[in-house]
Amino acid sequence: MERDKARRFFVMTPRILLHLKRIPYHFGIMRRLSDILRVPLLFFFMLATYQSSGQLTIQTGPEVTPVFLVECILGDGVQFDNVAYQGADVARGVFSHGDSTNLGIKCGAFLTTGSGYDIPGPNSSSGISTGNSMPGHPALNALTTGTTYDASVLEFDFIAESDTLRIHYVFGSEDYNESVFSLGNDVCGIFLSGPNPAGGVYPDLNIAKVPETGLNVSAYTINNGQAPSFTVPTGPCENCQYFQDNTFGVTLEYDGFTTVLTAWALTVPCEIYHLKIGVADVGDYAFDSGIFIGHNSITRPGITHETILVPPGLGDDLLEGVIGADVIFRLPDISWSPFLLEFQDVLGTANPSAYPDGDFEEEIPSSVSFGLGSDSTAFHVMPVMDG
């Protein structure tokens with residue numbers, strides 16, 4: 001997978017090129033700031049089959065290929081390669097109509113230690129188990145003192161689309177609620193490898209953590225206490241603000257779930273990363289668990305832009321010393337902030353530096369940033385009257 005395959009979107013006026021390093025998209029059209037410019041300027045900007053029913057719909061088996069799972073997880077146009085899967089065919093799949101359940105995710109992909117067919121409700125068993133006679137996985141072994149079995153692990157390379165990776169997921173298990181304090185609880189993990197913006201590399205770092213803690217996600221670390229079969233637990237709890245009991249659930253089988261969690265890490269845009277998502281039984285092949293990943297969970301921030309001539313009404317073009325422009329960038333919402341948009345590769349005949357070294361009253365910035373809680377940012381362009 002070559003790095004220059006990252007897609008780029010272009011908004012153009014004829015000659016200086018400012019290439020957005022942090023936003024690799026390609027919308028395949030060119031827009032001009034004006035038809036005739038007194039100062040030529042070129043900017044590169046980013047703009048950015050299930051059956052119908054009222055219950056959870058599962059598709060699993062060999063026809064749901066690992067590549068199909070990756071395409072489900074990634075947002076439109078995110079570049080990926082080197083897809084691999086370890087596990088039983090029946091232990092991977094996709095789901096829809098999750099909004100008719102208490103899962104918290106409408107559609108996406110799943111990995112389970114058992115069978116995807118056992119996921120839909122009602123919750124008729126306190127310990128549903130499908131043994132696939134599959135091995136464990138070294139990365140998941142590292143999360144437990146026990147030995148893993150029936151691992152279901154999807155991994156692939158992808159090109160980072162922004163400076164932060166976010167993956168929305170839910171963990172569910174039949175370890176709830178009878179065995180929540182057992183050290184042999186099933187494990188799940190989302191492991192990231194690649195450049196760390198702070199220096200060095202991420203060494204297969206598990207980013208599936210209980211929020212605001214360093215704890216790995218499992219029934220041991222998120223629960224509302226232990227309880228006998230078909231008994232609603234009443235505590236004492238462990239991080240129970242992230243727990244959903246499903247003892248008498250009618251739409252899903254597993255006895256308990258986490259709320260929708262977000263695995264995240266800072267990344268270097270346009271760089272290649274390796275992601276590994278998996279779940280495994282611990283100690284035996286019994287008591288199934290699963291991880292559910294939201295559709296388009298890894299997506300692009302969808303930045304849009306607007307160019308406003310200043311002052312308005314004097315013409316349709318930039319004009320040296322007279323008409324400038326405010327270039328405004330907008331995020332889809334404040335959840336993407338803080339965010340840094342960085343430019344590189346200045347080309348063409350116009351010099352982006354400030355006069356007298358360049359052709360503008362103020363230097364074209366090398367980056368713009370969205371502050372925490374802000375969904376917009378801007379910079380001003382004014383060509384100088386230099387004869």
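Our structure's up above, just so we're on the same page.
Every value quoted in this text rests on a predicted model; they were computed, and no experiment measured them. Position numbers for residues count from 1 along each chain, tracking the sequence in the order it is written. For this predicted model, a pLDDT threshold of at least 70 governs which residues receive local features, and a threshold of 80 or more governs which side-chain atom pairs are given and counted, while totals over whole chains, interfaces and linings are taken from all residues. Excluding hydrogens and water, the side-chain values take into account all heavy atoms of the structure.

Quick word on unusual backbone geometry
Glycine aside, negative phi is the norm for most residues, and most peptide bonds take the trans geometry. Following Y176, the chain continues into N177 via a peptide bond in cis, with omega recorded as -10°. Inspection of the secondary structure puts N177 in the loop between β7 (164-173) and β8 (187-195). Put simply, V310 and P311 share a cis peptide bond, and its omega is -5°. Numbered from the N terminus, helices here are DSSP runs of H or I no shorter than four residues, and strands are runs of E no shorter than two. Mapped onto the secondary structure, P311 falls in the loop between β15 (304-310) and β16 (324-330). Of note in this structure, D204 is not a glycine but carries a positive phi near 60°. Tracing the chain through its elements places D204 in strand β9 (residues 201-206). Of note, the phi angle at N239 is positive, near 50°, even though the residue is not glycine. By the secondary structure assignment, N239 is in the loop between β9 and β10 (243-245). For every residue, the accessible area obtained with a 1.4 Å probe (protein chains only) is divided by the maximum for its type, and the residue is called buried under 20%, exposed over 50%, and partly exposed between those limits. Judged by relative accessible area, N239 falls into the buried class, the value being 19%.

Here we look at the sheet that holds strand β3 (residues 80-86)
A strand pair is defined by DSSP finding two or more bridges across the two strands. Reading across from one edge, β3-β6-β13-β8-β9 is the order of the 5 strands in this open sheet, with antiparallel pairing throughout. Strands with a single pairing partner mark the edges of an open sheet, and in this sheet they are β3 and β9. The mean angle between the axes of side-by-side strands here comes to 10°, regardless of whether they run parallel or antiparallel. Pairing geometry for β8 and strand β13 (residues 272-282), over 7 bridges, is antiparallel. Residue pairing across strands places L192 opposite L275, the latter belonging to β13. The contact definition used throughout considers only heavy atoms, calling two residues in contact when any of these lie within 4.5 Å. Convention adopted: a line fitted to C-alpha atoms gives each axis, helices being fitted over their contacting stretch, and angles between N-to-C directions are expressed from 0 to 180 degrees. Sitting on the sheet, helix α1 (residues 66-73) touches β3, β6 (148-159) and β13, and the angle it makes with β3 is about 120°.

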